[in-house]
Amino acid sequence: VHDARALSEPDLHEAMSARLREPFALDRGPFMRADLYARGKDSWTLLIVVHHIAFDGGSVDAFMQTLCAAYERAAGGTTQTDAAATAPAAGFAEFVRWERDYVASAAGEAALDYGLRTLDGAQPALGPGNPAPRRPRTVRHALDADTGRAVAAACARLRITPAAFYLSLYQDLLAAQCGRDDIAVGMAVERRPRADFDTTVGCFVNLVVVRAAPDPQAKPAQRLRDTHARLGQALS
């Protein structure tokens, strides 16, 4: 809890930004911290920072429902029974047990075999050892509404997902940078394997490898369909 009554709005934002930038100690935790800034008798600002290792996008709704239920309960707005109804059906430890069982199962062995076959002989697209190594950098660009609608229409016409569309473009970009068509990309996906994990807070993100070795003579539409098919295989 911080006494922020003497802070101006810009100073408060700066104090919160500094707190936000503080690194987590991954060797000992905790992986979530909460700071409450007292602005006055009836004015408070809550800052919650969570490391991605313990929290994914799908956890946001479950966390906010739990937080809001606890706040209403503390304010006398709900009963203990109401709050209990928002509790997750399964904890993350149960997911860990499920995942270990899956890895040891026939389906897990098949998934491992698929991953090893997909990565066999794959080479890095960037960095040392490439004909034209480039230093990676981040470029952010927002599509305008018309372009977004055009992409959605093209995906619908080709019967592919937008994820496959943009993945294919990214692989083409990497191919142009390294001068090689055989490009393997680890694509982040979030999947909760059972319905009772839908409200579980945790990191369910997994990387699936999608490898592209497109035919240079293939038309763009066919290359997009091939990427869509390979992504489907990786997710199955």
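Residues numbered from 1 in each chain as written. Predicted model: local features only at pLDDT ≥ 70, side-chain atom pairs only at ≥ 80, totals over all residues. Heavy atoms only, no water.

### Some thoughts on the nonpolar core
Consideration 1: Membership of the largest hydrophobic core comes to 14 residues, with the highest contact counts inside it found for L167, I183 and L231.
Consideration 2: Counting only elements with at least two residues in this core, the list comes to α7 (162–178), β4 (183–190), β5 (205–212) and α8 (220–235).
Consideration 3: Look past the residues within four positions of I183 in its chain and what remains in contact with it is A125, Q171, L174, A175, C178, V210, R211 and A212.
Consideration 4: Counting 7 residues, the second-largest nonpolar core is a separate cluster that includes A4, Y37, L47 and V49. (Core = buried A, V, L, I, M, F, W, Y, C linked by side-chain atoms within 4.5 Å. Buried < 20%, exposed > 50% of the residue type's maximum accessible area, 1.4 Å probe, protein only. Helix = DSSP H or I, 4+ residues; strand = E, 2+ residues; numbered from the N terminus. Contact = heavy atoms within 4.5 Å.)

### Section: the confidence of the model for the protein
Consideration 1: When pLDDT is averaged along the protein, the result is 87; 90% of the residues meet or exceed 70.
Consideration 2: No element of the protein has a lower mean pLDDT than helix α3 (residues 80–84), which averages 52, and none a higher one than helix α6 (residues 145–158), which averages 95. (pLDDT = per-residue confidence, 0-100.)

### Examining unusual backbone geometry
Consideration 1: For the peptide bond that leads from G29 to P30, omega is -5°, which places it in the cis range.
Consideration 2: As for its position among the elements, P30 is in the loop between α1 (9–21) and β2 (32–40).
Consideration 3: Within the chain, R159 stands out as a residue other than glycine whose phi angle is a positive 60°.
Consideration 4: Checked against the element boundaries, R159 lands in the loop between α6 and α7.
Consideration 5: Taking the relative accessible area as the measure of exposure, R159 reaches 72% and is therefore exposed.

### Concerning the layout of surface pockets
Consideration 1: Estimated volume of the largest pocket: approximately 880 Å³.
Consideration 2: Lining the largest pocket we find 30 residues, and of these Y102, A111, N206, L207 and V208 sit closest to its centre.
Consideration 3: Only α4 (92–103), α5 (106–119), β5 and α8 provide two or more residues apiece to the lining of the largest pocket.
Consideration 4: Examining the composition of the lining of the largest pocket, we find that 9 residues originate from one element, α5, more than from any other.
Consideration 5: In the lining of the largest pocket, the residues fall into 22 nonpolar, 6 polar and 2 charged. (1 Å grid on protein atoms, 1.4 Å probe; cavity = no way out; pocket = protein on both sides within 12 Å on 5 of 7 lines; lining within 4 Å. Points joined across faces, edges and corners; volume = space filled by probe spheres on them. Nonpolar A, V, L, I, M, F, W, Y, C, P; charged D, E, K, R; others polar.)

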